[in-house]
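Per-entry structural report
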Amino acid sequence: MPRFYSDDRSIDLYYALKLVRGFEDKVSVLHRQNEILGGVYSGRGQEAVVVGTAYDLDASDWVFPIHRDLGVWLIRGTDPKLLMAQLMGRRAGLSKGKDNWTHAGDAAHNVFGATSMLGGTQPVAAGVAWKFKLMGERHVTVSYFGEGASSRGDVHEAMNFAGVHKLACVFVCENNQYAYSTPVSLQIAGESVARRAEGYGFTGVVCNGNDLHEMLRVTNEAVERARNGGGPTLLEAVTYRVKGHSEHDRAAYRDKAEVAAWETKDPVRMWEAFLDELDVDVAALRAEVEARVREVCEEASEFARSSPFADGPDALEDVYAADVGRPLPSRAERSQGPGAAGA
Ligand SMILES: Cc1ncc(C[n+]2csc(CCOP(=O)(O)OP(=O)(O)O)c2C)c(N)n1
């Protein structure tokens, strides 16, 4: 279990929420200052989803975040310095300055980079879970997509395949009410995205995506089921995209009263209310945590700025995987279990 700040789980989770928020807010500011390469899709307001679904995973599990899930990288343990260098398109970044942040991936922390085609990584997540099953490995995949992407064929194909083969997949639909300017009412005719899981033969759960307790609980149930051969789960985290689709979108198509209503359900403030019930001095903790997060973000920005941009010939590095051609374990080795398969 990752420990970012404190051995006290409730406080460590608070730090995790604040780190995600602070880092994303810093990226938004740097974007306005023209320091970030490519688009920025803030997950502000959705921190409980990324923290709740990634915090308790094993290091050997794999995650498949999408454009609004910068926080997943941080929770998995990607160094904020490398992540910032990636966002600034620098040579010290994860893909050594070859592309913007979403597509890079971080193999050291089992984070799979996203495709531009929404939903495109869901079949990959199912494929990775299929490999786990073939090799007798007890790892899970957690893959993310928006309610907009839930209308894409790839997402259905992945869930159908995962259901048929009872794969260790946790599908996380971040229902933040809008796909760019399209409201959820024009996206889904049925009662929920989660309901669709029934058609694939597994469990679908609608959950409160702003409530960290609930996100941790439903994720841990889904992960346990997956690890024990019980097959996939579809979690529909109901939440709200607080900002526009990206930094250039004012989201003027939204009703002000709706935005104000969701502000009262802010996931960070909800966790502060819980800490207050535990008699934690929240004001003091907030000041301490915000100072630490600021420090992390400043260090990351300074590190990124000090790294050069890539040179043209660098594009030819890392084009082929180094271990292509490594023989796969035989069927006999696989049937002897994870140890024999080198898991
Ligand atoms: C197949 C495909 N269609 C359209 C786009 C352009 N696009 C990028 S993000 C986005 C909105 C996605 O909404 P949703 O899946 O609900 O995720 P959210 O942005 O709300 O987190 C769109 C339309 C794309 N990248 N891929």
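Just so it is clear, the model here is predicted, and its values are computed rather than measured. (Residues numbered from 1 in each chain as written. Predicted model: local features only at pLDDT ≥ 70, side-chain atom pairs only at ≥ 80, totals over all residues. Heavy atoms only, no water.)

1. Focus: the site of the ligand
For clarity, the cut-off: One heavy atom within 4 Å of a molecule or strand is enough for the residue carrying it to be called near that molecule or strand. Under the rule applied, a polar contact is a pair of N or O atoms within 3.5 Å (in protein, one hydrogen donor and one hydrogen acceptor; residues adjacent in sequence only if both atoms are side-chain atoms). Residue burial considers only the protein chains on display, and all accessible areas are found by Shrake-Rupley using a 1.4 Å probe. Polarity classes work like this: nonpolar for Ala, Val, Leu, Ile, Met, Phe, Trp, Tyr, Cys and Pro, charged for Asp, Glu, Lys and Arg, and polar for all others, with Gly in that last group.
The environment of the ligand is made up of 15 residues, and the closest members are His67, Arg68, Ser116, Gly148 and Tyr178. Here a nitrogen atom of the ligand sits 2.8 Å away from a polar atom, N or O, in the main chain of Ser116. Between an oxygen atom of the ligand and a main-chain N or O atom of Tyr178, the distance comes to 2.8 Å. Burial of the ligand by the protein amounts to 73% of the accessible area it has alone, namely 580 Å². For the shell around the ligand, a count of residues per class yields six nonpolar, six polar and three charged.

2. What to know about the packing of aromatic side chains
Formally: Here a pair means two rings of Phe, Tyr or Trp (six-membered ring of Trp) with centres within 6.5 Å. Their orientation is stacked below 30 degrees between planes, edge-to-face above 60, and tilted elsewhere. A run of H or I in DSSP counts as a helix once it spans at least four residues, and a run of E counts as a strand once it spans at least two, with each numbered from the N terminus. Only protein chains enter the accessibility calculation, which uses a 1.4 Å probe; a residue is then buried when its area is under 20% of its type maximum, exposed when over 50%, and partly exposed in between.
On inspection of all chains with the given rule, the structure shows eleven aromatic pairs. With centroids separated by 6.2 Å and ring planes inclined at 20°, the aromatic side chains of Phe171 and Phe202 adopt a geometry described as stacked. Note that Phe171 is positioned in strand β3 (residues 169-175) and Phe202 in the loop between α7 (197-200) and β6 (203-208), a separation of 31 residues in sequence. Assessed through its relative accessible area of 0%, Phe171 is described here as buried. Residues Tyr178 and Tyr253 carry aromatic rings whose centres are separated by 5.9 Å and whose planes lie at 50° to one another, so their mutual orientation is tilted. Taken together, the residues Tyr178 in strand β4 (residues 178-179) and Tyr253 in the loop between β7 (233-238) and α9 (256-263) connect sequence positions 75 residues apart. Judged by its relative accessible area of 9%, Tyr178 is buried. Taking the relative accessible area as the measure of exposure, Tyr253 reaches 33% and is therefore partly exposed.

3. Here we look at the pattern of salt bridges
Note the cut-off: Salt bridges are identified by distance alone: a Lys or Arg side-chain nitrogen within 4 Å of an Asp or Glu carboxyl oxygen.
Going through the model one piece at a time under the given rule, you end up with 26 salt bridges. Ionic pairing is found between Asp154 and Arg152, a salt bridge with its closest N-O pair at 3.2 Å. Arg217 is the salt-bridge partner of Glu221, the closest N and O atoms lying 3.6 Å from each other. Within this pair, Glu221 and its partner Arg217 are both found in helix α8 (residues 212-227), separated by four residues, close to a single helical turn. When salt bridges with common partners are traced through the structure, they connect Arg3, Asp7 and Asp12 into a single cluster.

4. Comments concerning the state of the cysteines
Selection rule: To count as a disulfide, a pair of cysteine sulfur atoms needs to be within 2.5 Å.
Going through the model one piece at a time under the given rule, you end up with zero disulfides. Left unpaired, Cys173 is separated from the closest cysteine sulfur, that of Cys207, by 9.7 Å.

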